[in-house]
Number of protein chains: 2
Amino acid sequence: MGTRVDSLELMKQLSRSSPSKIVLLVVDGIGGLPRPETGRTELETARTPNLDALASRGVSGLADPVGPGITPGSAPGHTALFGYDPLTADIGRGILEAVGIDFDLQPQDVAARGNFCTVDSSGLVTDRRAGRISTEECTELCQQLDGLTVDGVTVIVRPVREHRFIAVFRGGGLVPQVTESDPQQVGLAPVTITALSPAAGKMAAVANRFAVRAGEVLAGHYPANMVLLRGFSEKPHFETMTEIYKLKPAAIASYPMYRGLSRLVGMDVLDTGPTIEDEFSTLKQSYAAYDFFFLHVKATDSAGEDGDFDRKVKVIEQVDEVLPELTGLEPEVIVVTGDHSTPALLKAHSWHPVPVLLYSPWCRPDRATEFSESACVVGGLGRFPATQIMPLAMAHALKLAKFGA
Amino acid sequence: MGTRVDSLELMKQLSRSSPSKIVLLVVDGIGGLPRPETGRTELETARTPNLDALASRGVSGLADPVGPGITPGSAPGHTALFGYDPLTADIGRGILEAVGIDFDLQPQDVAARGNFCTVDSSGLVTDRRAGRISTEECTELCQQLDGLTVDGVTVIVRPVREHRFIAVFRGGGLVPQVTESDPQQVGLAPVTITALSPAAGKMAAVANRFAVRAGEVLAGHYPANMVLLRGFSEKPHFETMTEIYKLKPAAIASYPMYRGLSRLVGMDVLDTGPTIEDEFSTLKQSYAAYDFFFLHVKATDSAGEDGDFDRKVKVIEQVDEVLPELTGLEPEVIVVTGDHSTPALLKAHSWHPVPVLLYSPWCRPDRATEFSESACVVGGLGRFPATQIMPLAMAHALKLAKFGA
């Protein structure tokens, strides 16, 4: 018996470049829970004639991004959709924050999340968030810290929002296994960062020296007169979607985090506007240049997180209205799904499986006549891990060779 | 890329203690096969208005305890329900027999199953079961053997039933990888026990010397004048359900084996009476003190094993009648399932997947309006490994943190 071939290895072996096109439309947090008064979820409440028509011609199912019962964050939700095992493709907190502001990470970078904080004259933390200074003030202070060099390492500092920033340590030889400096409560001094592995000694020393230097620079800037650092992590190495699937992939996403995640797996990130219409129009304009599109709609998730059932319904209806822009392009494969469920009733991401609709001239249609959670329960794709969406899309685009003779 | 996290490791990372409560009601062997005359299984024949009402508000599916086609014993059936991989959580025969009489195993114990047998004057076995002596006689003979010490090892001997007993070797340094002494046919002498690994030499020597001593003690007790030993095994180490799920778990089970299995995974085993009503009343009394209850109903399995379709139907109806005692407590999660199927038509455990019903205010209901095998086929939980029941229960009790950012 040989070694067992894993799923991505199999894709690398079987994938073939071809002119056919795949569009993966991710309606973030699309899955929901029924409103008690009606027994219908957000997706079941929305009037979606175009999605329903596509479901009638396509095949549906329910996907688990990480596993049954597991509520995914946005990062594992998306890595699973792109075919990577979310349980191994771990993306650190600092990296995710950097990705979330569209920061262009280099291979050796270590990123940390930072807070501006307030310390008293004895150096004890009195406010871990420096009174939540404005984003403008944060931006100004970051400019003062940006570009400091410590032991040959350049520290790039960029604002995130309010008191939050990222510090990216660039210079090589840095290993991110270090503790954090945030004492997690007031009345204590920032904690000295220590190495959790022998190789991480340099990172710990550099981080501590940077914190001291930052304290000097910020001395006169009460309440933001010190920094706290945590979530040290390095840029994860993903084999690119081109290496795995032989695709020329493009991402259309108005939110920075999703652009960043797409960049990590080797997609070209296209310029687009803030609305759903902008994103669909970008798809149309760049349609000839790529054979795989990841199109990300954020507003469903935001509405779900806000607990706004009706707004989530409206966003789904908005997606339905522009859908003909996509179907009119006649890609060989259209997948409509989410990276996780975000039921308005829970005001949060949830573990509930995510509706999936796949249309292709080569699919085997099921009996579903609408795109809804309850129709997906008995859909032809069954219940399956979200990591299988890419192999299914590739197969339906006739981009996979036969396995074995 | 990190190392892949396994399912229990993930539960350890994500589980959070909270006041919400989970009740896992295991109706042993609940799954069945249709009676040819009606085309309806035991569960489908039973009148179960309360279970059906719960199914209407809940979500159903079919679980495989070990895997499709695999008929589980009670031990793997239950370890899977508690979330442990039944293919790695191996419980030896001797240990299971000890657990089955509620014997309180210590960490270093090695347990073996024993038979009283008959040997002739040349020492050849003439009856491997000593004419199936009465349980009373077995008990008396066990008292004579109990407490013998061999090479510093104490041998604890306890009756099971008829000619069967357990021998527990307590004293440390014992490794259970040894052969058995049962020749498996008459006309041969008991086989000398040998070590299967170098470390097991002491165990083999002790077991053989114990058998010789037992023969001396039993010399005048024809037909039970010798012992045969097999199934040497050590107490398995399970991480407790408290370590994994941060639960305070309690078991309510009138049959010793299920109490023993619960103890192996760290549950508090509550005193209860022999009837289903007793068990539900114990649940009510101890409801405040725990956040997880495993409630075990044995009589369905016994009826199935006896091939008594109608009796199994009646036991299911009895469970349905007392169900309001449970639902009235309003736990955040109720799971009703079995550890395996026991179709009366087969008079045995079977490989058929097991009906699962999960109710929680946070579940996404499916279209099922009754609890039955055929409704479960199209239920919202789909078909899934039984080891996922605990992650699902934990998620619906809002006891799991989000995975990844």
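Residues numbered from 1 in each chain as written. Chains lettered and ligands numbered in written order. Predicted model: local features only at pLDDT ≥ 70, side-chain atom pairs only at ≥ 80, totals over all residues.

Within chain A, the regular secondary structure consists of 14 helices and 14 strands. The C-alpha radius of gyration computed for chain A amounts to 23 Å, which stays within 12% of the reference 22 Å derived for 405 residues, consistent with globular compactness. Seen along its three principal axes, the alpha-carbon backbone of chain A occupies a region of about 70 × 55 × 40 Å. Buried residues in chain A amount to 54% of all 405 residues. (Helix = DSSP H or I, 4+ residues; strand = E, 2+ residues; numbered from the N terminus. Rg over C-alpha atoms; globule rule 2.2 N^0.38 Å. Buried ≥ 20, exposed ≤ 12 C-beta atoms within 10 Å, placed from the backbone.)

Counting residues at the interface gives 33 residues for chain A, matched by 24 residues for chain B. Mapped onto the side of chain A that touches chain B, the elements with two or more residues apiece are α4 (74–81), α5 (93–100), α13 (373–377) and β14 (382–385) of chain A. At three residues, the largest contribution of residues to the side of chain A that touches chain B is made by α13 of chain A. Here the side of chain A that touches chain B is built from residues that sort into 18 nonpolar, ten polar and five charged. (Contact = placed C-beta atoms within 7 Å. Nonpolar A, V, L, I, M, F, W, Y, C, P; charged D, E, K, R; others polar.)

This paragraph deals with the sheet that holds strand β10 (residues 268–269) of chain A. Residue and element names in this part refer to chain A. Taken in spatial order, the eight strands of this open sheet run β10-β9-β11-β1-β12-β13-β2-β14, and their pairing is mixed. Because the sheet does not close on itself, it has two edges, and the strands there are β10 and β14. Pairing geometry for strand β2 (residues 59–64) and β14, over four bridges, is parallel. Looking across to β14, one finds that Gly 61 is bridged to Gly 382. Packed on one face of the sheet, helix α12 (residues 309–327) meets β1 (22–27), β11 (292–297) and β12 (333–337) and runs near 170 degrees to β1. (Pairing = 2+ DSSP bridges. Axes fitted to C-alpha atoms, helices over the stretch in contact; angles between N-to-C directions.)

A separate point is the domain arrangement of chain A. Residue and element names in this part refer to chain A. Split into domains, chain A comes out as domain 1 (7–91 + 237–396) and domain 2 (95–234). Taken together, the contact pairs eight residues of domain 1 with six residues of domain 2. Broken down by element, the side of domain 1 that touches domain 2 gets its largest block of residues, six residues, from helix α9 (residues 256–264). Split by residue class, the side of domain 1 that touches domain 2 holds six nonpolar, one polar and one charged. (Domains from an automatic or database assignment.)

Here the two chain copies are tied together by a rotation about an axis and a shift along that axis. Screw-axis analysis of chain A against chain B gives a translation of 0.1 Å along the axis, an RMSD of 0.2 Å, and a rotation angle of 123 degrees. Both copies of the chain, as the preceding transformation shows, are related through a three-fold rotation axis. If distances are taken from each C-alpha of chain A to the rotation axis, the shortest is found for Val 378 of chain A, at 3.4 Å. An asymmetric contact is evident, with only 6% of the interface residues of chain A recurring at the interface of chain B. (Least-squares fit on C-alpha atoms with pLDDT ≥ 70 in both.)

Residues and elements named next belong to chain A. Strand direction decides the pairing type here: strand β5 (residues 148–150) and strand β6 (residues 153–161), joined by three bridges, are antiparallel. Bridging from a neighbouring strand, Val 150 pairs with Val 153 of β6. The loop that links β5 with its antiparallel partner β6 comprises two residues; one of these, Asp 151, has a positive phi angle of about 50 degrees. Pairing between β6 and strand β7 (residues 164–170): seven bridges, direction antiparallel. What sits directly across from Ile 156, in β7, is Val 168.

By size, the foremost hydrophobic cluster in this structure holds 259 residues, and its most contacted members are Leu 24 of chain A together with Leu 24 of chain B. Once you skip the residues sitting within four places of it in the chain, Leu 24 of chain A turns out to touch Leu 81, Phe 293, Phe 294, Leu 295, Val 335 and Ala 393 of chain A. (Core = buried A, V, L, I, M, F, W, Y, C linked by C-beta atoms within 7 Å.)

Okay, the sheet that holds strand β9 (residues 249–253) of chain B next. Residue and element names in this part refer to chain B. Judged by pairing direction, the sheet is mixed, and its eight strands sit side by side in the order β10-β9-β11-β1-β12-β13-β2-β14 without closing on themselves. Because the sheet does not close on itself, it has two edges, and the strands there are β10 (268–269) and β14 (382–385). Bridge count between β9 and β10: two bridges; the pairing is parallel. Bridging across to β10, Ala 251 finds its partner in Val 269. Sheet strands in contact with helix α14 (residues 389–396) are β1 (22–27), β2 (59–64), β12 (333–337) and β13 (354–359), and its direction is about 155 degrees off that of β12.

In this structure, the amide linkage connecting Tyr 222 of chain A to the following residue, Pro 223 of chain A, adopts the cis form with an omega of 5 degrees. The residue Pro 223 of chain A is located in the loop between α7 (201–218) and β8 (226–234) in this model.

The next thing to look at is the packing of helix α10 (residues 276–286) of chain B against helix α12 (residues 309–327) of chain B. All names here are of chain B. Running from N to C, α10 and α12 cross one another at 10 degrees; their axes reach a closest spacing of 10 Å. Considered as vectors, α10 and α12 are oriented roughly parallel to each other. Counted together, Ile 276, Glu 277, Phe 280, Leu 283 and Lys 284 of α10 and Gln 318, Val 319, Val 322, Glu 325 and Leu 326 of α12 form the full contact between these two elements. Classifying every residue of the contact of α10 with α12 by side-chain character gives six nonpolar, one polar and three charged. (Parallel < 35°, antiparallel > 145°, perpendicular 65-115°, else oblique.)

Attention now goes to α10 of chain B. All names here are of chain B. Ile 276, Glu 279, Phe 280, Thr 282 and Leu 283 are the residues of α10 that are buried. Buried residues of α10 fall within an arc of 155 degrees about the axis and therefore sit on the same side. Those residues of α10 that are buried are in contact with β9, β11 (292–297) and α12. (Arc of directions from axis to C-beta.)

All names here are of chain A. Direction vectors running N to C along helix α3 (residues 49–57) and α12 enclose 50 degrees, while the axes themselves pass 7 Å from each other. When the axes of α3 and α12 are compared, the pair comes out oblique. Counting all contacts with α3, which are made through Pro 49, Asn 50, Leu 51 and Leu 54, the residues of α12 involved are Asp 320, Leu 323, Pro 324 and Thr 327. Split into classes, the residues belonging to the contact of α3 with α12 amount to five nonpolar, two polar and one charged.

We now examine the pairing of β13 of chain B. Residue and element names in this part refer to chain B. Most of β13 sits inside the fold, with six of its six residues counted as buried. Where burial is concerned, the two faces of β13 agree: the one with Val 354, Val 356 and Leu 358 and the one with Pro 355, Leu 357 and Tyr 359 are both buried. The sheet contact formed by β2 and β13 spans five bridges and is antiparallel. Across the sheet, Ser 60 pairs through a bridge with Leu 357, a residue of β13. In the sheet, β12 pairs with β13 via three bridges, with the strands oriented antiparallel. Residue pairing for β13: Val 336 is matched across the bridge by Leu 357.

When you line up the elements, Val 378 of chain B lands in the loop between α13 (373–377) and β14. Measuring from C-alpha to C-alpha, the distance between Val 378 of chain B and Arg 40 of chain B comes to 17 Å, with 338 residues separating the pair along the chain.

Moving on, we come to the environment of Ala 303 of chain A. All names here are of chain A. Secondary-structure assignment places Ala 303 in helix α11 (residues 299–305). Classification of Ala 303 as buried rests on a count of 23 C-beta atoms within 10 Å. Residues within four places of Ala 303 in sequence aside, it is in contact with Asp 308, Arg 311, Lys 312, Val 315 and Ala 344.

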